[in-house]
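Examination of the molecular architecture
Now for the letters of each chain:
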Amino acid sequence: MQAKTPEQSKTIMTDMVLPGETNPLNNLFGGELLARMDRAASIAARRHCRRIVVTASVNHVAFNRAVPLGSVVTVEAKVSRAFKTSMEVFIDVWIEDRESGAKTKANEAIYTFVAVDETGRPIAVPEVVPETNLEKARFEAALRRKQLSLLLAGKMKPHEATELKALFD
């Protein structure tokens, strides 16, 4: 199985915020943004492994900026690291200024997907080879995030979380 770069899984979805997608403050519903991020991340994960993928977890979501009605929103997803059968997908959300066209980062999220066969059994995925400094930083941090998640879920013992332990040594 040939390793792939994050760029090979890159998925960009651009859309406009419509009135039926907003809350009483005329900002995009958080759930609507989560759905958009899930779709983009799913496509990125599938591009990485060329298999059926399922969302395993939403590890992190930061709603840093409201996304107003009429905004042009771009959701960009890339696989940041692959493990045996799972992939971490990092998602960046951008808002485009209506007049200048300048893009501002509004939100980000980290999802985990698992590749499965036709019966729903997990299957192996290709490794990720990061290229840029940002990709390398996200790749390195992914193992710590995974260990923290497993630790909090009770699926890993504290002494087994070597990457987390290294932060404090």
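Above this text is the structure in question.
Because the structure is predicted, anything quoted here is derived from the model rather than measured. (Residues numbered from 1 in each chain as written. Predicted model: local features only at pLDDT ≥ 70, side-chain atom pairs only at ≥ 80, totals over all residues. Heavy atoms only, no water.)

The final tally for this structure, using the stated rule, is 10 salt bridges. The partner of Glu32 in a salt bridge is Arg36, and the shortest N-O contact between them spans 3.1 Å. One end of the pair, Glu32, and the other, Arg36, are both in helix H2 (residues 30-49), 4 residues apart, so they sit about a helical turn from each other. With a relative accessible area of 5%, Arg36 lands in the buried category. (Salt bridge = Lys/Arg side-chain N within 4 Å of Asp/Glu carboxyl O. Helix = DSSP H or I, 4+ residues; strand = E, 2+ residues; numbered from the N terminus. Buried < 20%, exposed > 50% of the residue type's maximum accessible area, 1.4 Å probe, protein only.)

This next bit is on the packing of aromatic side chains. Within the structure shown, the criterion is met by 1 aromatic pair. Taken together, a centroid distance of 6.4 Å and an interplanar angle of 15 degrees make the contact between Tyr111 and Phe113 stacked. Each member of the pair Tyr111 and Phe113 is classed as buried. The ring of Phe90 has Arg138 sitting right over it, with the charged end atom 3.6 Å from the ring centre. (Phe/Tyr/Trp six-rings, centres within 6.5 Å; stacked < 30°, edge-to-face > 60°. Lys NZ or Arg CZ within 6 Å of the ring centre and 35° of its normal.)

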